[in-house]
Amino acid sequence: MFYGAVVWDPWLIVAQILCLQYLYYLTLGVFLSFLVGTRVSRMSLVYFFDFATVTTSTVTGWCVTTSFLLSSIAGAGYMLYLVERAKKCLDFSATLYIIHLFICIMYGGWPSSITWWVVNVTGVAVMALLGEYLCIRRELREIPITRYRSNV
């Protein structure tokens, strides 16, 4: 794809945001089921959207925090394939976390835990910076050109 010739396509942007959000929550669910699911008797959406579960005072809280940070690393890898442009990584990662903030507000109210804010701001930074790094590495790769000899 030639990046200079691309027209603005809002449906593509919405589809990319939805796919990135879906993959982020899918990955978060996998990490939560492995790290938190082994520690609690019943998994629920509380671990996804309630700010009170993101804490450093319990081992389960540390597992939730680790799940969020590992999901942001995985989200950077997803952006490598979904977004494909380094200059768009900050936009998409910020959009993902803003949507997550709105869902958390609807689920459990305004997040008043400083730990929740630190984990999510760190997640935005990790996802954006690592995504940009991965996309820049892909953009700067050499284009392989095969040379054919003509027999003319």
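Source: prediction; values computed, not measured.

About the cut-offs
- Residues numbered from 1 in each chain as written.
- Predicted model: local features only at pLDDT ≥ 70, side-chain atom pairs only at ≥ 80, totals over all residues.
- Heavy atoms only, no water.
- Helix = DSSP H or I, 4+ residues; strand = E, 2+ residues; numbered from the N terminus.
- Buried < 20%, exposed > 50% of the residue type's maximum accessible area, 1.4 Å probe, protein only.
- Core = buried A, V, L, I, M, F, W, Y, C linked by side-chain atoms within 4.5 Å.
- Contact = heavy atoms within 4.5 Å.

1. Description of the environment of Arg42
- Mapped onto the secondary structure, Arg42 falls in the loop between α1 (10-35) and α2 (46-49).
- With relative accessibility at 66%, the residue Arg42 sits in the exposed group.
- For the pair formed by Arg42 and Tyr81, sequence separation is 39 residues and the distance between their alpha carbons is 34 Å.

2. Description of the nonpolar core
- Grouped together as the largest cluster of nonpolar side chains are 28 residues, with contacts concentrated most on Tyr24, Leu28, Leu32, Val64, Phe68 and Met79.
- Within the residue set of this core, elements represented by two or more residues are α1, α2, α3 (59-82), α4 (89-108) and α5 (114-139).
- By residue number, the principal contributor to this core is α4, which donates six residues.
- Excluding anything up to four places from it in sequence, Leu32 contacts Gly37, Met43, Tyr47, Phe48, Val64 and Ser67.

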